[in-house]
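Below are the chains, spelled out letter by letter.
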Amino acid sequence: YPGGAHDATSFWELLSNGVDAIREVPRDRWDADAVFDEDPDAPGRMNTRWGGFLDGIDLFDAPFFGISRREAESLDPQQRLLLEVAWETFEDAGIPATSVFGTRAGVFVGIAGTDYMRMTLADPDLIDTYTTTGGALSVAVGRIAYVLGARGPAVAVDTACSSSLVSIHLAAQSLRSGECDLALAGGINVILTPELTMNFSRARMLAPDGRCKTFDVAADGYVRSEGCGMVALKRLGDAQAAGDRILAVIRGSAVNQDGRSGGLTAPNGPSQEDVIGAALRAARVEAGDLDYVEAHGTGTLLGDPIEVGALGAALCGGRPADQPLVVGSVKTNIGHTEAAAGVAGLIKLVLSVEHAEIPPHLHLRELSPHIASGGFPIEIPTTRRPWPRRDGPRLGGVSSFGLSGTNAHIVVGEAPPTEDRTDASAPRDRTANIVSLSARSGDALRELAQRYLALIADDPSLTLGDLAHSTNTTRSHLEQRLAVVASDIDGVVRQLG
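Residues numbered from 1 in each chain as written. Predicted model: local features only at pLDDT ≥ 70, side-chain atom pairs only at ≥ 80, totals over all residues. Heavy atoms only, no water.

### Side note on the sheet that holds strand β7 (residues 248–257)
Moving on, step 1. Spatial ordering of the open sheet is given by β7-β14-β13-β8-β9-β11, a layout of six strands whose pairing is mixed. Each of the sheet's edge strands pairs with one partner strand only, and the pair in question is β7 and β11 (378–379).
Moving on, step 2. As judged from the nine bridges shared by β7 and strand β14 (residues 406–414), these two strands associate in the antiparallel manner. Bridge assignment links V255 to a residue of β14, and that residue is A408.
Moving on, step 3. Packed onto the sheet, helix α8 (residues 163–177) meets β7, β13 (395–401) and β14 and runs at close to 115° relative to β7.
Moving on, step 4. Relative to β7, helix α11 (residues 269–283) is tilted by about 145°, and along the sheet it contacts β7, β13 and β14. (Pairing = 2+ DSSP bridges. Helix = DSSP H or I, 4+ residues; strand = E, 2+ residues; numbered from the N terminus. Contact = heavy atoms within 4.5 Å. Axes fitted to C-alpha atoms, helices over the stretch in contact; angles between N-to-C directions.)

Dropping the structure here:
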């Protein structure tokens, strides 16, 4: 995500430190000066210079995935990022990506952007054999399944802003039905051309200052952003049996539609209330059990009060004033990542549950009077705060509402306590341990060794047993390999250095 959030650790640092990741449009996308005009009605112009952008969007390790350089040139950056983040998701989960081959693993991705395909088709000289497979949204998902050899469902989902959260709901449903045994789910959004931003500017959807001032009296629109987020999902019992590191549990989820509302793109409060209620019933929890909700929270004058009203109606009936529902939005940090927005909110919620802490909500100076007048026991945290446990596990919800009218809500709970493992695969310290690393190339292997040295330096609590267990059993073993035998962490450092 924007702001250098390339993994869960850096994303949490961004959130907990209250970082605003929005910046001016970089020159490698378009000339912001050439298309800027304060008048949102100016033809061919936009009333903002801002966005949330990723660095190195043109970079891709094509040989790692067995893709030729020529084919990679026709590959939408969204496909490139999805492949890389999918692999990194497996590594973070401690599941060798190569172990997925031939299994009923599913892939569910929210994806809607077509900038790269439109750029290619606009110049007939650029059209080649790989144009369709490089740009089709369905192939972006199918390619992940192809590279991994996964044989479960592979589904591209476009419900606009709610795409990635709907994808996670569908993945959970597929797991519950037994259709797949492991699922990758999430979303992607990349902004390469200015035309859609011009459209949103004309529609008065964008904040001229490039900030999502969610719930504030000055809320005047959102800022477009890029991002790619994925999560690995299993049935809880399967994850426990495998000894997986479980970050949180999806207790229940629901999806519905606004139907006939005040307008095609206007939010519908009763529908939002209904989808939250349906998720609570699926989770078998009461409204008062939820401590925190990661809101859709785009920062619009109309949408924010409607959402808070729906949250109040669905979750605050009978809630004591001294136990307010805490509500925040990641969009105040990174902007609106559109098809990747819902999974960004889910990851923030999971990290908050894991760290027992709620990050600050940015850009709130004065609460909108339309929200304050509701009188619900709702609190918006403008500073970092602890998340104390009440009678049971910490529970929170995350909402995502699509421009199309499709709404999703997921209830997330704290992971159950981990039982001490006594089986032979459990990490343990021995007189000496083997630490094995592997990569596709010698250069990559040397870089990987340096990354492990940095990891060791940053984590003084890391034990040799944990390091050996992780490198030997939770990583794919690729062609180029390096192994060291050591009796302590210092021995690993000496040999890798």
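### Here we look at the packing of α8 against helix α14 (residues 341–355)
Moving on, step 1. The interhelical angle for the contact between α8 and α14, taken along N-to-C directions, is 65°, at an axis separation of 5 Å. By the criterion of interaxial angle, the relationship of α8 to α14 is roughly perpendicular. Taken together, the residues of α14 that come into contact with α8 (itself represented by S164, L165 and I168) are A341, G342, V343 and L346.
Moving on, step 2. Residues that form the contact of α8 with α14 fall into these classes: five nonpolar, two polar and no charged. (Parallel < 35°, antiparallel > 145°, perpendicular 65-115°, else oblique. Nonpolar A, V, L, I, M, F, W, Y, C, P; charged D, E, K, R; others polar.)

### As for the packing of helix α1 (residues 8–16) against α14
Moving on, step 1. Running from amino to carboxyl end, α1 crosses α14 at an angle of 85°, the nearest separation of the two axes being 11 Å. The orientation of α1 with respect to α14, classified from their angle, is roughly perpendicular. The residues of α14 that touch α1, namely those facing A8, F11, W12 and L15, are A344, I347, K348, L351, S352 and H355.

### Overview of the environment of P386
Moving on, step 1. When you line up the elements, P386 lands in strand β12 (residues 385–386).
Moving on, step 2. A sequence separation of 31 residues divides P386 from H355, and the C-alpha atoms of the two residues are 8.7 Å apart.
Moving on, step 3. Once you skip the residues sitting within four places of it in the chain, P386 turns out to touch A356 and E357.

### A closer look at helix α12 (residues 303–315)
Moving on, step 1. The end-to-end C-alpha separation of α12 is 18 Å, in line with the 18 Å expected for 13 residues at 1.5 Å each.
Moving on, step 2. Considered for burial, the residues of α12 that qualify are G303, D304, P305, E307, V308, A310, L311, G312, A314 and L315.
Moving on, step 3. Turning to α12, the residues buried within the fold contact α11, β8 (292–294), β9 (325–328), α15 (369–372), β11 and β13. (Expected span 1.5 Å × (residues − 1). Buried < 20%, exposed > 50% of the residue type's maximum accessible area, 1.4 Å probe, protein only.)

### Overview of the layout of surface pockets
Moving on, step 1. Its volume calculated, the second largest pocket comes out at about 510 Å³.
Moving on, step 2. Lining the second largest pocket are 29 residues, with T265, P267, T298, T300 and L403 sitting closest to its centre.
Moving on, step 3. Split by residue class, the lining of the second largest pocket holds eleven nonpolar, 13 polar and five charged. (1 Å grid on protein atoms, 1.4 Å probe; cavity = no way out; pocket = protein on both sides within 12 Å on 5 of 7 lines; lining within 4 Å. Points joined across faces, edges and corners; volume = space filled by probe spheres on them.)

### Some remarks on the sheet that holds strand β5 (residues 182–189)
Moving on, step 1. Pairing in this open sheet of four strands is mixed, and the strands run β4-β3-β5-β6 from one edge to the other. In this open sheet, the two edge strands, each paired with only one partner strand, are β4 (154–157) and β6 (227–233). Going across the sheet, the axis of each strand differs from the next one's by a mean of 15°, ignoring polarity.
Moving on, step 2. Where strand β3 (residues 105–111) and β4 come together, four bridges link them in parallel fashion. Looking across to β4, one finds that V109 is bridged to A156.

### Describing the pattern of salt bridges
As a working rule, side chains carrying opposite charge can pair if their charged atoms are close by.
Moving on, step 1. Scanning the model with the defined rule gives 30 salt bridges in all.
Moving on, step 2. In this structure, the salt-bridge partner of R29 is D28, at a minimum N-O distance of 3.4 Å.
Moving on, step 3. Overlapping salt bridges bring together R27, D31, D33 and R49 as one network. (Salt bridge = Lys/Arg side-chain N within 4 Å of Asp/Glu carboxyl O.)

### Here's the deal with a negative patch on the surface
Moving on, step 1. Taken together, the side chains of D7, E13, E88, E91 and D458 make up a negatively charged region of the molecular surface.
Moving on, step 2. With a relative accessible area of 32%, E91 lands in the partly exposed category. (Patch = residues over 30% accessible without salt bridge, like charges linked within 9 Å, V, L, I, M, F, W, Y side chains within 5 Å. Areas by Shrake-Rupley, 256 points an atom, 1.4 Å probe, with all protein chains shown as cover. Lys, Arg positive; Asp, Glu negative; His and termini not counted. Charge placed at Lys NZ, Arg CZ, Asp CG, Glu CD.)

### A word on unusual backbone geometry
Moving on, step 1. Backbone geometry at F215 places phi at a positive 75°, although glycine is not the residue there.
Moving on, step 2. By secondary structure assignment, the location of F215 is in the loop between α9 (195–202) and β6.
Moving on, step 3. Overall, the relative accessible area of 1% leaves F215 in the buried class.
Moving on, step 4. With a phi close to 55°, E338 is a non-glycine residue in the positive phi region.
Moving on, step 5. Along the chain, the position of E338 falls in the loop between α13 (331–334) and α14.

### A few points about the state of the cysteines
Moving on, step 1. For the structure on display, the rule yields zero disulfides.
Moving on, step 2. The thiol of C212 is unpaired, and the distance to the nearest cysteine sulfur, on C161, comes to 11 Å.
Moving on, step 3. Given the relative accessible area of 1%, C212 is considered buried. (Disulfide = S-S within 2.5 Å.)

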